[in-house]
Structures are given as C-alpha cells and as structure tokens.
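# Fold and contact review
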Amino acid sequence: MRALAAGLVLAAATACSGGADRTGPVRLWAFGREGEVVRELVPELERRHPGLKVEVQQIPWTAAHEKLLTGFVGREMPDVAQMGNTWIPEMAALDAIEPLDARVAASDSVKADDYYQGIWETNVLDGVLYGVPWYVDTRLVFYRSDLLAAAGVPELPKSWSGWRAAMEAVKRTGGSGHYGLLLPTNEWAQPVTLAVSAGAGLLSDGGRHGAFRAPEFRRAAEFFVGLYRDGLAPPLANSQVANLYQQMAAGEFAMYVTGPWNLGEFRRRLPASLQGSWATAPLPAPDGMPWPGVSLAGGSSLVVFRSSPRKEAAWKVVEFLSEPATQKRFWALCGDLPARRSAWDEPALAGDARTASFRLQLEHVRATPKVPEWEQIAAKVWERLEPVARGAKGLDATLASLDADVDAILEKRRWLLDRKAAEAPK
Amino acid sequence: MRGLSAWRAREAKAGLLLVAPGLLLLVTFLALPVLASLVLSLTDFDLYAVGDPSAARVVGLRNYARLLHDPVFWKALGNTFFFVLVGGPLTVSLSLGAALLLNHKLVRFAGLFRTIYFAPVVTTLVAVAAVWKYLYHPRFGLLNAALGLVGIPAIDWLGDPHWAMPAIVLMAAWKNFGANMIIFVAGLKAIPESLHEAARIDGAGAIQRFRLITVPLLAPTFLFVGLTTTIGYFQLFAEPYVMSGGDGGPMNATLSVALFMYKQGFRWWSIGSAAAIAFVLFAVILGATLLQRRLQKGSEA
C-alpha cells in the first residue's frame, strides 16, 4: 500500500511546476461571485503596496472543492484563497494551510475581538487558527409580515411553540395550497439549524461519535418532522419549488429560513407592491431557552497555503481584504455581509431593519462540527429523517441508525486519533 | 524437424517483437491502472491518506461488504437497471423505427433526415441538457404545455422523484437513438431486395416480411446494437450529473452507479470505496453482457 501511495505522490511531485519563485505575483483563488468582485478591490491593494502584484483566479462554486483537492494532490496550490469555512477542517487535516495565530497577534489590522465570535471559532481547530473570516452567512427567518398580520400574528414569535402556532394560523387563513413555512427537504442546514438552536452537540467525544440520540437533537428532530407531518411545511426539495419568489409572492409559503443572499433577491424579485410586506427576524428559540435561537456560522474565510513561497505577501492580501473599509466596499459590491463588527457601522447596513436582524443573529451562531467528514454526515441527516417525516418510521429507531451510520463514517477518524495519541509520548 | 522448430521459435520471437509496442501500451495504460484500482479497492484510501499515505489501511473486502449494506448503493443499482431495462429497449426501438422509415423507398430527402436524427448524438450533452431543462420546466415547459392541451395536469419532471428517472430516460433515448439508427440503416441496406421481392410474390404481407426476413437478417446488427447500448447505458453518468447538478437528486432518484462512484470518489474522497464500486459495476456489466449474448444466440438457433 505504502509503495502504491508513494508512487501516487511521486507522480504528483513530478507534475509540480511554478510557484517556486518568490517574486512572482500572489495567486488568489476566489469562488463564484466573490471571485468576480474581488478583482475590483485589487487595484487599491496594489497601489498601497508597490511591487505587490495579485493574480485572481475565479473558480465556480460547483468546482471549487474538487479544484482545491486536486490542486493539493497535483501541488498546484495558490498562495492565498477564499475557503468555505466548513472546508477548513479538511484542508487542515491535509496540512495544506498555514496556522495564522502568530500573524494575527502581530497584525495591526486583524483584531480577533472585532469579529463575531461564533464565526471566528469556525477557523480554530484544537486551539490553532487557520483562517480569517472574510464574509459571513447565517440563516434566519424571512417572512411575509402581511400574511402573518392577517392571521393575527403581529410579529414573528420568539419561541418554537409560538412559531408553530403562527404557521398554523397562516395555514388556516391561507387555505389549501398554503403553508406556514418552506422547509426544503434537501437542505441539511434546515434540521441542523434547528438542532443547534436546541443546543445539540451533533457529535461527541471530540468528533469521535455521532450524538444524534441526545435529547437536544431529538427535540429538534421531533419539531422538524412534525412540521411536515402536520402539513405546516410542504415536503418539497428545492428543485420542486419552481419559482421561490413567485410562490412567496402568491403567499404559498409565508416563511422561509434562509440566508443573506436572499436579501437582494427578495428586493429584486418580489413585486413592488409587496416590498413593504416582507421582513426578517432572528430565529425563534426552543421554549425555555433564551431568544434568539442559535443559527449556523457560515461564510468564507481567507487562508494562506503552507506551500506558498510568498506567505508575507499573501498575508498582506488577507490583511487588506479584512480592513473594515475594504469590507464595506466588498459589501457594497456584492452584498456579502462583513465579518467584522466595526464594518457594520456603515449606515446602509446598520439602518436597514432587514439587514440588522442578521447583525443580531450573528452574535448567536455556532459552527458545525469541525471534522472533515461533516458534509458526508450532514447528507445522512435528511436521508434518515425523510421516512420519519412521511410517517413510515419511528423517530427513536431512526436516530439510533443515524448514530450507527455516523459512527461508521467516523471510524477512520477514531483510528487516526488513537494512533496519534499512541505516538505522542515518544 | 529441428530446423522447423527453430524456424517456429524465430517466428514467435518476431511476432512478439511486432506486438510488443501495442502490448506495452495496453499494459501501461490498461492493465496497470486496472490492477492499481483493484489494489485500491482493498484499502480505505481516503482524504486522510491523500495528505499522509501512512493513513491508508488494507481492509480486505470491507469496502465491498459495506456497499452491500448501503441502501444508497442499492438505490443507485436499481436506478441504473431501470435506465438500462427501460431506456435500452426504448432507444433501440426508436433507432430501428427511424432506420426503417429512412430505408423506405418512398421517403424523400433521406440524407437530410438522417443528418437531423443524427445531430443530437454529436451535440454536446451540456447544451442538450440546458434545452431539455426548459422543455421539462413544470410551469413554462413545452412538454407540460403539450400535455395540458390534452388535459393532463402538469408534471414536475425533474423535481418529482417518481418522474425524474423517466425524464432522464426520455432525454437519453432522444440523444442516443441516432447512433444506432445509422448502424441499423447499414444493416437494412445489406438485406438483398430480391428476398423481399420473392416474399412479396409468394404473398407475404409487410408485417410478415418484417418478421420473417428483416428481423432474422438483422440479428447480428441487433446483437451488436443491443450489447453496445446495454454496456453504454450501465455506465450512465453524464445525463443525471448535468440534469441534477451533480447530485443525483431529487432524493437520489437519478443517482446511477457511476454517479454514486463519482460522488464517493471526488465529493467525499473515499477513493477505496469508489474503486470497489467500479469493480462491482464491471462485474454487473460483464454478467449482463454474457447473459444477453447467450439469450440472443439462443433465439438465433
């Protein structure tokens, strides 16, 4: 096995090229719309640091993950890159990215305490910092305030029981074909967001085992499947919602738990007559827990690669993109929410009630478990819960088999952790 | 005698020398990679091993055992069989039908139609998929508009788990029937016109002539077309990949074995498990091919 793997690595090494010279431009990988917009920020950076050249490569989101991994295998990594913060554990496991604690400590512009704590935490693994948050994503409730008001609900309730009652009221007033909440069945973030709101740890023993039988997860799962079972949310996948905005405008769904990218979309795509009739609010919390409910810490960070011969220059790029002024400009260009609290004093951000909900929610976010296997685990959550939502299976048996699935996925991780522990004393 | 065997040995050596370049290529680019993936399928080579090769363990047949207990694998296998068993005959019948039409003496502009029917085969799948996505659109799609005219309510072709695979079958049949059609046309052209004439004189009708002359004489063409279509359809990948955004959704309804393998390998980086899927798929295709050959040989005799 070793020989074969060594062969693979050798083949990869011979394919290696470029990057060895220290004076070349800093190569920055950025994804999707961000990759397009960051180009507009580069001239200012180059003006401030004469001699620093930045080469931006834009990669579509759908290809980004694969490109990072094949880039690693083929030793064709950039110097600095945008990184979805759920990918950081994987890149750290590969030892592909550089710890940044020392650089942050010495930096005049990157200040840890200016960042939303839950977001910052997504970049810290075993006490080591691997990335600096660039922009943030989290989910909260978008809703048709007029429909809620017509159903006798003046504002979005703050507890789960109130939330559910609001869905029931909206459904009653709307009649058939109308639902309280859109809860796409293929978005693992939906049940997982409810689970972190309920305080579920998701994994236990430092990511060695699944913790889906824990009472916190059970509580969230029960709430989640109940919404489908009782007809408050339609059992639809994203792809079955032909036109979200039209259907939202027609009142088919009164609420949707979604992220900041929909701020712009709702403004553009809902008809002008409805522009005064939609609002956002932080997540309701499970009864007996403090409001607002906790949401998921999403977004992208900036990382520096270990293989880079230009780490100093790469760090300058990170520092520049992290400056509050740059963050504000970035927000103005593409609508991505700034990761730094001080960038939120921008009047257009702070003064808009819909955006301000995000500001409050961002103080209450938590990272998904920081293990490379997380996405694979997340995909299992709905796979297992779906028959429960249809009423075909019981919840307890399902949660037990979910834990069994997840324990099987994490077997390799447990073995590696044990091996590491055994090697440590030497 | 000795002279003869020495000559034979020399001959054999020369022969070996002549096939050597071909053999070398075959071993380097086919046998070695296949062997390497067989070895990989017996390990748990994964993301961790990409970073640190010592993290790979030999696990024997565990990857295979795990597959057998994975409901998603069975779902993918079921989807693939559905595609082969429904899509295969559909494509072959479409091809044969089109070939018969084109071969008819009364058809004018046969060359033009042949080109038109063949066009989808050479069109890029991604472009085709983009157009078909519009056709399948639940509200604004042409297909649902046509169904609406005869009073059939709109179908959510790609969103509804029950309809997604039939939608893929339909698109694949349209995209692929042209290739087989060309082969059938060639097969039909090879049937001497005199046989049809003789049968006609003996009083055979069109259906009888088709059943007793065209079908038996096309048997070798059928075998070839049947086998290549089956093998190709078992490897179903690009159609669901493009139509479902690489996911095999909704709810794994369009997940094929090859797409499942791709997801295991390049989405989760479980390389060992992906290699095992490749060998299972190989075994399935080999089995299906042998079965089909036996059946068709049997019906010939």
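Quick caveat, the model's predicted, so the values are computed rather than measured.

Definitions and cut-offs
Residues numbered from 1 in each chain as written. Chains lettered and ligands numbered in written order. Predicted model: local features only at pLDDT ≥ 70, side-chain atom pairs only at ≥ 80, totals over all residues. Heavy atoms only, no water. Helix = DSSP H or I, 4+ residues; strand = E, 2+ residues; numbered from the N terminus. Rg over C-alpha atoms; globule rule 2.2 N^0.38 Å. Buried < 20%, exposed > 50% of the residue type's maximum accessible area, 1.4 Å probe, protein only. Contact = heavy atoms within 4.5 Å. Lys, Arg positive; Asp, Glu negative; His and termini not counted. Charge placed at Lys NZ, Arg CZ, Asp CG, Glu CD. Salt bridge = Lys/Arg side-chain N within 4 Å of Asp/Glu carboxyl O. Polar contact = N/O pair within 3.5 Å; in protein donor to acceptor, adjacent residues only side chain to side chain. Pairing = 2+ DSSP bridges. Axes fitted to C-alpha atoms, helices over the stretch in contact; angles between N-to-C directions. Domains from an automatic or database assignment. Buried area = accessible area lost by both parts, 1.4 Å probe. Parallel < 35°, antiparallel > 145°, perpendicular 65-115°, else oblique. Left-handed = near helix turned anticlockwise from the far one by under 90°. Core = buried A, V, L, I, M, F, W, Y, C linked by side-chain atoms within 4.5 Å. Phe/Tyr/Trp six-rings, centres within 6.5 Å; stacked < 30°, edge-to-face > 60°. Lys NZ or Arg CZ within 6 Å of the ring centre and 35° of its normal. Nonpolar A, V, L, I, M, F, W, Y, C, P; charged D, E, K, R; others polar.

Turning to the overall build of chain A, a few remarks are in order. For chain A, the helix and strand inventory stands at 20 helices and 16 strands. In terms of overall size, chain A behaves like a compact globule, its C-alpha atoms giving a radius of gyration of 23 Å where 426 residues would be expected to give roughly 22 Å. Seen along its three principal axes, the alpha-carbon backbone of chain A occupies a region of about 70 × 50 × 35 Å. Counting across all 426 residues of chain A, residues that qualify as buried make up 55%.

Helix and strand content of chain B: 13 helices and zero strands. Going residue by residue from the N terminus, the α and β elements of chain B occur as α-α-α-α-α-α-α-α-α-α-α-α-α. Against the 2.2 N^0.38 benchmark of 19 Å for 301 residues, chain B shows a C-alpha radius of gyration of 25 Å, more extended than a compact globule. Dimensions of chain B along its principal axes, counting C-alpha atoms only, are 80 × 75 × 35 Å. Sorting the 301 residues of chain B into buried and exposed places 41% on the buried side. Contacts in chain B between residues far apart in sequence, at least 24 positions, make up 66% of those at least 6 positions apart. Averaging the positions of the 23 positive and the 13 negative side-chain charges in chain B gives two centres separated by 7 Å.

Let's shift gears to the side chain of Glu90(A). Relative to the helices and strands, Glu90(A) resides in helix α5 (residues 88–93). Buried within the structure, Glu90(A) lacks any salt-bridge partner; its nearest side chain of opposite charge belongs to Arg267(B), at an N-O separation of 9.6 Å. A polar contact is formed between the side chain of Glu90(A) and the side chain of His65(A), at a distance of 2.5 Å. Not counting chain neighbours up to four residues away, the residues in contact with Glu90(A) comprise His65(A), Leu69(A), Pro372(A) and Leu47(B).

Residue and element names in this part refer to chain A. Taking strand neighbours across the sheet as the criterion, the four strands line up as β8-β11-β7-β12 in an open arrangement whose pairing is mixed. Two strands bound the open sheet, and with one partner strand each, they are β8 (179–182) and β12 (278–281). Along the sheet, successive strands turn relative to each other by an average axial angle of 20°, direction set aside. Along the sheet, helix α13 (residues 261–269) makes contact with β7 (140–144), β11 (253–258) and β12, crossing β12 at roughly 170°.

Moving on: unusual backbone geometry. Residue Pro292(A) is reached from Trp291(A) by a cis peptide bond, and omega for that bond is -5°. Within the fold, Pro292(A) resides in the loop between β12 and β13 (295–296). Despite not being glycine, Arg75(A) shows a phi value in the positive range, around 50°. Topologically, Arg75(A) is positioned in the loop between α4 (61–73) and β3 (80–84). Phi is positive for Phe109(B), close to 55°, though the residue is something other than glycine.

Tracing the backbone through its elements, the reader meets Arg413(A) in helix α20 (residues 411–423). Between the C-alpha atoms of Arg413(A) and Ser300(A), which are 113 residues apart in sequence, the distance is 25 Å. Leaving out residues up to four positions away in the same chain, Arg413(A) has contacts with Gly206(A), Gly207(A), Val371(A), Pro372(A), Glu373(A) and Tyr48(B).

Turning to the domain arrangement of chain B, a few remarks are in order. Residues and elements named next belong to chain B. Each assigned domain of chain B is listed with its residue range as follows: domain 1 (17–60) and domain 2 (72–300). Using C-alpha coordinates to define each centre, domain 1 is positioned 33 Å away from domain 2. Each partner contributes to the interface: domain 1 provides ten residues, whereas domain 2 provides seven residues. With both sides pooled, the region where domain 1 packs onto domain 2 buries about 650 Å², and carbon together with sulfur makes up 79% of that total. In this structure, the connection of domain 1 to domain 2 is made through zero salt bridges. Our enumeration of links across domain 1 and domain 2 arrives at three residue pairs in polar contact (both at pLDDT 80 or more).

Turning next to the packing of helix α11 (residues 215–229) of chain A against helix α18 (residues 374–389) of chain A. Residues and elements named next belong to chain A. Their axes nearest at 9 Å, the elements α11 and α18 cross at an angle of 55°. Relative to α18, the element α11 is oriented oblique. Crossing hand, α11 versus α18: right-handed. Taken together, the residues of α18 that come into contact with α11 (itself represented by Phe217, Ala221, Phe224, Val225, Tyr228 and Arg229) are Val381, Trp382, Leu385, Val388 and Ala389.

Attention now moves to the nonpolar core. All names here are of chain A. Val38, Val54, Val104, Trp120, Val132 and Leu321 are the most contacted members of the largest nonpolar core, which has 57 residues in total. A per-element tally of this core places helix α14 (residues 311–322) first, with seven residues. Counting residues domain by domain, this core receives three or more from each of domain 1 (2–137 + 297–362) and domain 2 (140–294 + 372–414). In this view, Val104 contacts Val110, Trp120, Leu129, Val132 and Trp315; residues no more than four positions away in its chain are not counted.

Right, let's talk about the packing of aromatic side chains for a bit. Summed over all chains, the structure comprises 34 aromatic pairs over all chains. Between Trp61(A) and Trp87(A) the ring centres are 5.9 Å apart and the planes differ by 65°, which places this aromatic pair in the edge-to-face class. One end of the pair, Trp61(A), is in helix α4; the other, Trp87(A), is in the loop between β3 and α5, and 26 residues separate them in sequence. Looking at Trp87(A), the relative accessible area reads 10%, which means it is buried. Consider the rings of Phe237(B) and Tyr241(B), whose centres lie 5.2 Å apart with planes at 25°: the pair is stacked. Ring pairing ties together the aromatic residues Phe142(A), Tyr245(A), Phe266(A), Trp278(A) and Phe358(A), which thus form one cluster. Lying over the aromatic face of Trp291(A), Lys158(A) brings its terminal NZ or CZ to 4.5 Å of the ring centre.

On to the interface of chain B and chain A, then. Counting from both sides, the interface comprises 39 residues of chain B and, opposite them, 36 residues of chain A. Surface buried jointly by chain B and chain A totals about 3000 Å² across both partners, of which 62% is contributed by carbon and sulfur atoms. The interface formed by chain B and chain A holds five salt bridges in total. The partner of Glu411(A) in a salt bridge is Arg62(B), and the shortest N-O contact between them spans 3.7 Å. Here chain B and chain A share eight residue pairs in polar contact (both at pLDDT 80 or more) between them. When contributions to the side of chain B that touches chain A are tallied by element, the ones reaching two or more residues are α1 (2–41), α2 (47–51), α3 (62–68) and α12 (257–267) of chain B. Broken down by class, the residue content of the side of chain B that touches chain A amounts to 22 nonpolar, seven polar and ten charged.

With that out of the way, let us pick up the environment of Glu76(A). By secondary structure assignment, the location of Glu76(A) is in the loop between α4 and β3. Each C-alpha atom, one on Glu76(A) and one on Ser307(A), is 9.1 Å from the other, the two residues being 231 residues apart in sequence.

Frequently, the measure chosen for interface size is the accessible area removed from exposure when the parts meet. All names here are of chain A. The domain architecture assigned to chain A consists of domain 1 (2–137 + 297–362) and domain 2 (140–294 + 372–414). The C-alpha-based centres of domain 1 and domain 2 are spaced at 30 Å. On the side of domain 2, 21 residues touch domain 1, which itself brings 16 residues to the contact. Summed over the shared surface of domain 1 and domain 2, the number is one salt bridge. The salt bridge partner of Asp352 is Arg267, with a shortest N-O separation of 3.3 Å. Across the domain 1-domain 2 interface, the total number found is eight residue pairs in polar contact (both at pLDDT 80 or more). Contributing elements (two or more residues each) for the side of domain 1 that touches domain 2: α5, β6 (132–137) and α17 (353–362). If you tally residues by element for the side of domain 1 that touches domain 2, the top one is α17, at seven residues. For the side of domain 1 that touches domain 2, the residue count by class is eight nonpolar, four polar and four charged.

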